[in-house]
Amino acid sequence: MNGAGSETTKTWVIRGRKLTACDLAIARRLVGEFSQAGRFRIAWELAQHWQWRSDSGRLKQRAALAILVGLEKRGYLTLPPALIVHGPVRRPVCSPQGVDGSAPTAGVLSDYRPFCWQLVNSAEQRRQWRELLAHHHYLGAPGLVGAQLKYFVYSRQGELLGAVGWHSAVERLDCRDRLVGLKGRAELRARFLAHAVNNVRFLILPGMGAPHLASALLGEGLQRLQKDWLWHYGAPVWLAESFFDRTRFSGASYRAANWVAIGWTRGYAKAQGQFIYHGQPKEIYVYVIEKRIRQILLEDPAQGLLTREFLLAQRPTGNPQPQARRKQMSEALQSWTPKLPPQWELSAEDLEHVRQDLNEFTAQFEGTFRRIEPSELCHLYLQGLLSDTERKNVEAIALELEGPERVRNLQRFITEYEWDEPWMREQHWKLCAQTLADEQGVWSIDASEFPKKGEHSVGVAPQYCGALGKTANCQSGVFICYSSPKGHTLLDARLYLPQCWFSDDYQERREKKCRVPKEISFQTKPDLALQLCAQIWKGKLFPGQWVTCDASFGNNEGFLAQLPKEMFYLAEIPCTRKVWLKEAPQHSKLETAGCTVEQLAEEKDLLHWQSRKIAEGEKGPIVASFARVRVYLSKERTAESERTLLLRNDPDGQIKYALSNAPENMAMSELVRISAARWPIERCFQEGKSELGLDHYEHRSWPAWHRHMRLVFLAHLFLLRLRLKYKKSPGADATPGSRTAGVESASPEGRAHLRSDFRSLSSAT
């Protein structure tokens with residue numbers, strides 16, 4: 001929030017209106033005076049003070065409310081809490097005026113005509129209209145925007161037949177705008193929208209049935225609308241539009257009333273200023289009242305008339321077909337036929353238990369949430385991560401497993417709902433310890449990057465991206481892995497925030513949009529890794545004396561020096577790292593002047609290479625060569641700088657270098673085992689990204705990023721527990737921590753088997 005001194009000269013532009021410090025003072029005064037009346041009253045008073053009106057003469061109350069909310073987000077004022085309604089109200093319907101409550105029976109059209117149209121004017125009528133729609137319409141009561149008119153319609157006997165609602169037309173609609181000629185013409189669009197309406201609700205009550213009743217109501221309703229719209233808003237209606245869910249309705253009544261289908265929507269709805277994908281494209285119908293729309297707007301008499309024939313001829317080919325509603329998760333599970341690899345040996349009875357296993361697994365984390373709804377959404381999110389959905393983001397998961405109505409709730413679950421995240425983390429670690437804890441356990445530390453095209457996601461900046469092999473716009477996180485002879489999994493992660501994110505230019509993005517906690521300060525990746533490890537080691541749940549890391553951490557002496565003294569490390573270093581040999585009688589210059597580790601590897605007579613099997617391939621054992629030598633890290637050759645340098649020559653000819661603080665007499669077999677244990681974290685990244693959607697997220701905020709990562713870790717742990725439970729025989733993916741001294745995790749054969757395992761379990765889940 002800016003200080004008072006800066007507010008006097010500062011201006012803001014919100015909703016296209018330029019605001020000054022005087023406007024801010026007025027808004028604050030109205031908030032103080034009408035706080036008890038609610039934010040809508042405050043918005044009305046503000047629009048009244050500004051005399052801010054639409055072309056129809058109505059006060060722009062909703063636009064004023066948007067400005068107030070914008071000022072609140074910037075920290076300049078505090079509005080009273082918004083009234084939140086969860087779903088349509090399902091209360092008993094109060095009978096509108098003139099209804100005796102009896103249930104009429106179906107008949108012929110002449111039994112109902114002439115219709116009686118009652119315009120909804122009073123607050124009581126508006127309440128009755130909303131309750132009628134909430135009770136009987138499958139979409140519930142609408143939130144009408146802009147200019148609007150609502151009607152009750154009665155039969156000649158005074159029986160309520162239904163309700164109709166109209167409001168301002170949708171601002172942008174591709175197929176309609178193409179027909180009218182509005183593409184790229186903002187001024188023409190504004191003129192046209194003053195004369196266009198949308199049939200947002202059309203309801204005929206149950207029990208009211210007669211041939212052609214719906215089309216007759218639509219025809220008369222349009223005639224009544226034209227008179228009332230001109231009277232209330234001073235603008236004649238040129239065109240009416242409506243959207244149709246073809247999975248529910250055929251649209252026959254609209255076609256019978258001479259409405260014309262012109263195309264399809266893309267499956268998005270606007271809510272709270274944002275377009276939300278609901279996954280159900282709807283067919284667009286229009287009724288043209290003024291056929292000279294193009295001639296009037298374009299001021300060109302040569303333009304074609306919007307006749308029925310013209311509309312039908314202009315309708316584009318290749319429109320999407322009506323889409324069937326997506327199946328519920330239970331139905332989808334029954335339709336899946338998992339293809340399992342031979343080593344799994346799962347019976348049909350085993351597969352039936354997998355679903356129950358997931359229920360029991362997720363039940364162990366219900367304490368994270370205060371209510372049952374987020375617990376159910378947590379279960380849904382895990383199901384989605386474990387499913388065979390191609391993209392595993394919120395939208396794809398909700399649409400695949402539940403339907404479009406779940407998309408917004410699942411988004412809020414990740415971004416807004418309250419979690420007890422420390423408790424969930426502790427529970428996660430306890431289950432990991434029960435599954436993996438072993439004296440031969442090894443810790444791995446590494447970073448992973450996630451390419452991003454935009455600039456709005458938390459932590460995005462140009463930085464080195466391992467996934468692309470170059471500097472690019474991406475996010476980067478630090479991850480901690482634990483592996484043992486029983487398996488491997490990720491335990492924790494922290495998003496890395498580049499230093500530029502703590503500058504004044506990023507303050508609003510950091511605090512308001514991405515919701516980075518205020519206590520977060522700049523930390524290097526090694527600092528983040530030490531912090532994460534300290535939290536895990538504090539609980540003493542996981543035995544293990546070794547830490548491995550790649551060169552970005554291993555080449556940082558400050559990081560290695562802060563590891564616990566009782567821990568051994570095997571840390572990769574770049575080939576350009578300079579060392580001094582401890583003993584080299586034949587090469588005294590290497591003792592005094594030193595050399596790079598790459599140059600050292602070229603001295604064949606200094607190194608004693610030993611061949612070790614690192615994996616079982618399809619054509620036989622895969623063998624790598626290892627050598628070690630004692631070196632100093634500084635020219636002073638102090639005891640504190642003495643290390644073991646381990647060199648590993650892989651079958652492809654690439655040599656890797658790593659330093660260790662282990663004693664000089666450490667067995668070579670142990671160093672080879674730990675060298676192999678460096679790769680489980682790479683497998684975790686591969687498994688997470690290829691099978692569990694580790695990089696599929698589309699969240700932008702700090703809380704959402706970490707929540708997604710935690711849920712992916714839980715999904716990975718669940719699959720690991722299933723593998724240990726159901727796998728009858730050892731496969732090619734034996735863990736590198738075992739005494740077989742292999743890095744089978746690095747072999748293509750092991751990775752192929754693992755992907756098969758994960759896909760099989762994903763399908764079963």
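Rules behind the numbers
Residues numbered from 1 in each chain as written. Predicted model: local features only at pLDDT ≥ 70, side-chain atom pairs only at ≥ 80, totals over all residues. Heavy atoms only, no water. Core = buried A, V, L, I, M, F, W, Y, C linked by side-chain atoms within 4.5 Å. Buried < 20%, exposed > 50% of the residue type's maximum accessible area, 1.4 Å probe, protein only. Helix = DSSP H or I, 4+ residues; strand = E, 2+ residues; numbered from the N terminus. Contact = heavy atoms within 4.5 Å. pLDDT = per-residue confidence, 0-100. Axes fitted to C-alpha atoms, helices over the stretch in contact; angles between N-to-C directions. Parallel < 35°, antiparallel > 145°, perpendicular 65-115°, else oblique. Nonpolar A, V, L, I, M, F, W, Y, C, P; charged D, E, K, R; others polar. Salt bridge = Lys/Arg side-chain N within 4 Å of Asp/Glu carboxyl O.

Student: So, the nonpolar core: which residues are in play, and what are the values?
Tutor: The biggest cluster of nonpolar side chains holds 89 residues, and the ones touching the most others in it are Phe413, Trp443, Phe479 and Leu711. Of the residues forming this core, the biggest block, 15 residues, is contributed by helix α26 (residues 702–726). Residue contacts for leucine 711: discarding those within four places in its chain leaves Cys378, Tyr381, Leu382, Leu385, Phe413, Ile414, Trp419 and Met424. Core analysis: the second largest hydrophobic core is formed by 45 residues, Trp117, Leu160, Val200 and Phe202 among them.

Student: How would you sum up the confidence of the model for the chain? Please name residues and give values.
Tutor: In the predicted model, the chain carries a mean pLDDT of 81, and the fraction of residues at 70 or more is 82%. Throughout residues 84–105 the model reports pLDDT below 50, and contacts reaching past four residues in sequence, or to other chains, amount to 35 contacts. Contacts for the low-pLDDT stretch residues 319–343, under 50 throughout, to residues beyond four places or in other chains number 51 contacts.

Student: Could you give me a rundown of the packing of helix α14 (residues 372–386) against helix α16 (residues 407–415), with the residues and numbers involved?
Tutor: Running from N to C, α14 and α16 cross one another at 100°; their axes reach a closest spacing of 10 Å. Comparing the axis directions of α14 and α16 gives the class roughly perpendicular. Where α14 abuts α16, its residues Pro374, Leu377, Cys378, Leu380 and Tyr381 lie against Asn409, Leu410, Phe413 and Ile414. Here the contact of α14 with α16 is built from residues that sort into eight nonpolar, one polar and no charged.

Student: Break down helix α24 (residues 668–676) for me, citing the residues and quoting the values.
Tutor: For α24, the tally of buried residues reaches eight of nine residues, placing the bulk of the element in the interior. Where α24 is concerned, the buried positions are Met668, Glu670, Leu671, Val672, Arg673, Ile674, Ser675 and Ala676.

Student: I'd like to hear about the pattern of salt bridges, residue by residue, with values.
Tutor: This structure, assessed with the given rule, holds 30 salt bridges. A salt bridge links arginine 113 to glutamate 220; the shortest N-O distance between them is 3.7 Å. Pair noted here: arginine 113 is in the loop between α4 (61–73) and β3 (116–119) and glutamate 220 is in helix α8 (residues 213–233), with a separation of 107 residues, a long-range link. For arginine 189, the salt bridge identified is with aspartate 177, shortest N-O distance 2.7 Å. Taken as a pair, arginine 189 in helix α7 (residues 186–193) and aspartate 177 in helix α6 (residues 174–180) lie far apart in primary sequence, 12 residues in all. An identical accessibility class is assigned to arginine 189 and aspartate 177; each is buried. Because the salt bridges share partners, they merge into one network encompassing Arg176, Asp177, Arg189 and Glu241.

Student: Tell me about unusual backbone geometry, and name the residues and values.
Tutor: Omega for the peptide link from arginine 113 to proline 114 comes to 0°, which places this bond in the cis form. Within the secondary structure, proline 114 sits in the loop between α4 and β3. In the Ramachandran plot, lysine 540 falls in the positive-phi region, its phi being about 55° despite a non-glycine side chain. Along the chain, lysine 540 falls in the loop between α19 (525–538) and β16 (546–549).

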